[in-house]
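Residue-level structure breakdown
For reference, the chains in residue letters:
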Amino acid sequence: MSVNVKNAGKVDMINGPLAGKIMVFTLPIIASGILQQSFNAVDVAVIGRYSTSQAIAAVGSNGPIISILVNLFLGIAVGANVVIANYLGQKHNQAVRRSVSTVAVVALLSGAILLVLGSLLARPILEAISTPPDVIDLATRYLRIYFYGMPFSMIYNFGSAIMRSIGDTRLPFYSLLVATMCNMVLDWVFVALLGMGVDGVAWATVISVAVNAMIIVFFLMREPDPVTLRLSLRRHDFSSADFRKMLQIGIPAGLQGMVFSISNIFIQSSINSFGSDAVAGSATALTYEAYCYYIVVGFNAAAIAFTGQNYGAGRLDRCRRVGVICMMMSVGLCALANIIIVWQEKFCIGVFTSDPNVARYAMMRFHTVLVYQCLASSYEVAGSYMRGFGRSVTPMVLTIFGTCVLRLVWVGSVMRFHHTFEVLMMIYPITWIITGVMVVVAALVLQRRLSRVGRTDGGQLESC
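The helix and strand tally for the protein stands at 18 helices and zero strands. Since a compact globule built from 464 residues should have a radius of gyration of about 23 Å, the 21 Å found for the protein is in line with a globular shape. C-alpha extents for the protein along the principal axes are approximately 60 × 45 × 35 Å. Residue burial in the protein is summarised as follows: out of 464 residues, 59% are buried. Considering only contacts in the protein between residues 6 or more positions apart, those separated by 24 or more positions represent 85%. For the protein, the accessible area works out to roughly 18,000 Å², and carbon and sulfur atoms hold 67% of it. Each charge class in the protein can be summarised by its mean position, and for the 33 positive and 21 negative side chains these summaries are 11 Å apart.

The structure is reproduced here in structure tokens:
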């Protein structure tokens, strides 16, 4: 039942020193995240140079809306990662083949569902969050075109989950690099040369994610057994048992992301009350927060994949070291990135806008949110560590309470008496600290319980 995946370009998660391997595994994910964020960042930058502040707001403020519709399916991709990694740790080839085929079907269905939801719900959600009248028409057009690319986006994200589970993070990065370059060229052609405005950046993104999907499918078809992607799916290739495992792990992770996005929509609604300059300034700062957040995302992925494989192999000692190393690296690198960007804030903001009012709001968000962003590593990495063991409900509940419920309470109470942009932004570092303490404690409790059980025969994934 040994796994025959070739080692070239892949990280052996079960044997040898961990720190260097975690860094090698994580760096391409961080780079991929930065490139993925660059899709939106390039859109905002091009629109900022060749269009109006309303167009910047229309493109840049849609992140929470996209997230609320997409996060559930990205959570299922996390579940796919854990399931395949666990089977690899157990050296169960047939189960790996079966789960890869199941993921392929789920990716196609997810993309189709998102295409329909995005087309139907774009305008109602924008209206529900009080999008400024001078922005809403542009934002609706952008969103509807953007969701045409969702089938391709899901193919890439689920394909990347498969490749990460086998320790390969380089090929997804190369795929995304090509797609990002394509997006940059098309943005310039459609907006600067053809004057298509918001429509142009949206279509550039759709075409680029289609290129991305085709490349990742090509890579997966060339992978050696047992992770080879076969396009001619037969009925028995889909495993309802594996799908249930993916849902057990992925739905809590996805619901966490969805509820998190809902809370951000309420916060975005409060930001909207300060006018289009505040919306544009917040969107500018949020771009850099997203760049730094992908450092955390990279170590989240490492914690899930390394823990999943080592738990499958019965290596609980290595699982503990994985959690500690991922946490330390995530906090340290994210803090470094936060400090550098705030240090060079005038240059960073100037990349996207020359409007002094927009820049003022961006700086306020820099000083209140971005500089403390490394604190988010505490609950993010600890939660991913728990998901690597197949436990996804507890981090979901704690994170929803800490980063969603408390933020909504803040908006509904404190903001009534102190309606300022700075007070609104303060909720981020406050909830990061509270949530971090809760999830880290929960991870330590789980770790102690598993140590008492003392599994050495391979950790089977259980109910969440």
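So much for the structure itself; the text now carries on.
A separate point is helix H13 (residues 356-368). Residue pairs spaced three or four apart in an α-helix point in one direction, given the helix's 3.6 residues per turn. Helix length check: H13, at 13 residues, gives a terminal C-alpha distance of 18 Å against a target of 18 Å (1.5 Å per residue), a fit within 8%. Turning to H13, its buried residues number three or more, namely Val 358, Ala 359, Tyr 361, Ala 362, Met 364, Arg 365, Phe 366 and Thr 368. Buried residues belonging to H13 abut helix H9 (240-272), helix H10 (276-312), helix H11 (316-343), helix H12 (345-350), helix H17 (421-425) and helix H18 (427-453). Residue Asp 355 occupies the N-cap position of H13, its side-chain oxygen lying 2.9 Å from the main-chain nitrogen of Asn 357.

Attention now goes to the pattern of salt bridges. Enumeration over the complete set of coordinates arrives at five salt bridges. For the salt bridge of Asp 242 with Arg 98, the shortest nitrogen-to-oxygen distance reads 2.7 Å. Of this pair, Asp 242 sits in helix H9 while Arg 98 is found in helix H4 (residues 93-128), placing the two residues 144 residues apart along the sequence.

Right, let's talk about a nonpolar patch on the surface for a bit. The grouping of Tyr 50, Tyr 148, Trp 188, Leu 193, Leu 194, Met 196 and Trp 203 at the surface amounts to a nonpolar patch, some 740 Å² of accessible area in total. Tracing the chain through its elements places Leu 194 in the loop between helix H7 (170-193) and helix H8 (197-221).

Looking now at the packing of aromatic side chains. Across all of its chains, the model carries 14 aromatic pairs by this definition. When the ring of Tyr 288 is compared with that of Phe 366, the centres are 5.8 Å apart and the planes differ by 90 degrees; the resulting orientation is edge-to-face. Note that Tyr 288 is positioned in helix H10 and Phe 366 in helix H13, a separation of 78 residues in sequence. A residue is classified by how much of its surface remains accessible, and Phe 366, at 0% relative accessible area, is buried. By the ring-pair criterion, three or more aromatic residues cluster together here, those being Tyr 288, Tyr 291, Phe 352 and Phe 366. Here the guanidinium or amino end of Arg 360 rests over the ring plane of Tyr 361, the centre of that ring lying 4.7 Å away.

Assignment of secondary structure puts Val 437 in helix H18. It is 24 Å that separates the C-alpha atoms of Val 437 and Phe 366, two residues lying 71 residues apart in sequence.

Among the structural elements, Leu 27 can be located in helix H1 (residues 19-50). Residue classification places Leu 27 among the partly exposed positions, given a relative accessible area of 45%. Linking Leu 27 and Ala 77, residues 50 residues apart in sequence, is a C-alpha distance of 20 Å.

A word on helix H14 (residues 377-388). With twelve residues, H14 extends 16 Å from end C-alpha to end C-alpha; this agrees with the ideal 16 Å at 1.5 Å per step. Counting buried residues along H14, twelve of its twelve residues qualify, which places the element largely inside the surrounding structure. Trailing H14 by a residue or two, Gly 390 shows a phi angle of about 90 degrees, which is positive.

Among the structural elements, Ser 384 can be located in helix H14. With residues near it in sequence (within four places) discarded, Ser 384 still touches Asn 300, Ala 303 and Ile 304.

We now examine the packing of H4 against helix H5 (residues 133-146). Viewed as axis vectors pointing N to C, H4 and H5 meet at an angle of 155 degrees, and their least axial separation amounts to 9 Å. One way to sum up the angle between H4 and H5 is to call them roughly antiparallel. Handedness of the H4/H5 crossing: right-handed. Contacts from Gly 118, Ser 119, Ala 122, Arg 123, Leu 126 and Glu 127 of H4 reach H5 at Ile 136, Asp 137, Ala 139, Thr 140, Leu 143 and Arg 144. Tallied by class, residues from the contact of H4 with H5 come to five nonpolar, three polar and four charged.

Before going further, it helps to spend a moment on the packing of H10 against H14. Packing of H10 against H14 brings their axes to within 7 Å, and their N-to-C directions diverge by 25 degrees. Classified by the angle between their axes, H10 and H14 sit roughly parallel to one another. Crossing angle aside, the handedness with which H10 passes H14 is right-handed. Residue-level contacts link Tyr 293, Val 296, Phe 299, Asn 300, Ala 303, Ile 304, Thr 307, Gly 308 and Tyr 311 of H10 to Ser 377, Glu 380, Val 381, Ser 384, Tyr 385 and Gly 388 of H14.

Here we take up the nonpolar core. In terms of nonpolar packing, the biggest core is built from 142 residues, with Ile 22, Phe 25 and Phe 306 touching the most fellow members. Among the elements that line this core, the one with the most residues is H10, at 17 residues. Among residues more than four places away in sequence, those in contact with Ile 22 are Phe 299, Ala 302, Phe 306, Val 322, Ile 325, Cys 326 and Met 329.

Our next topic: the confidence of the model for the protein. Overall, the prediction assigns the protein a mean pLDDT of 85, with 92% of residues at 70 or greater. For the protein, the element scoring lowest by mean pLDDT is helix H2 (residues 53-60), at 72; H11 scores highest, at 95. Predicted confidence is poor over residues 1-6, with pLDDT under 50, and the contacts of this stretch with residues over four places away or in other chains come to 19 contacts.

Rules used in this analysis
Residues numbered from 1 in each chain as written. Predicted model: local features only at pLDDT ≥ 70, side-chain atom pairs only at ≥ 80, totals over all residues. Heavy atoms only, no water. Helix = DSSP H or I, 4+ residues; strand = E, 2+ residues; numbered from the N terminus. Rg over C-alpha atoms; globule rule 2.2 N^0.38 Å. Buried < 20%, exposed > 50% of the residue type's maximum accessible area, 1.4 Å probe, protein only. Contact = heavy atoms within 4.5 Å. Areas by Shrake-Rupley, 256 points an atom, 1.4 Å probe, with all protein chains shown as cover. Lys, Arg positive; Asp, Glu negative; His and termini not counted. Charge placed at Lys NZ, Arg CZ, Asp CG, Glu CD. Expected span 1.5 Å × (residues − 1). Polar contact = N/O pair within 3.5 Å; in protein donor to acceptor, adjacent residues only side chain to side chain. Salt bridge = Lys/Arg side-chain N within 4 Å of Asp/Glu carboxyl O. Patch = residues over 30% accessible without salt bridge, like charges linked within 9 Å, V, L, I, M, F, W, Y side chains within 5 Å. Phe/Tyr/Trp six-rings, centres within 6.5 Å; stacked < 30°, edge-to-face > 60°. Lys NZ or Arg CZ within 6 Å of the ring centre and 35° of its normal. Axes fitted to C-alpha atoms, helices over the stretch in contact; angles between N-to-C directions. Parallel < 35°, antiparallel > 145°, perpendicular 65-115°, else oblique. Left-handed = near helix turned anticlockwise from the far one by under 90°. Nonpolar A, V, L, I, M, F, W, Y, C, P; charged D, E, K, R; others polar. Core = buried A, V, L, I, M, F, W, Y, C linked by side-chain atoms within 4.5 Å. pLDDT = per-residue confidence, 0-100.

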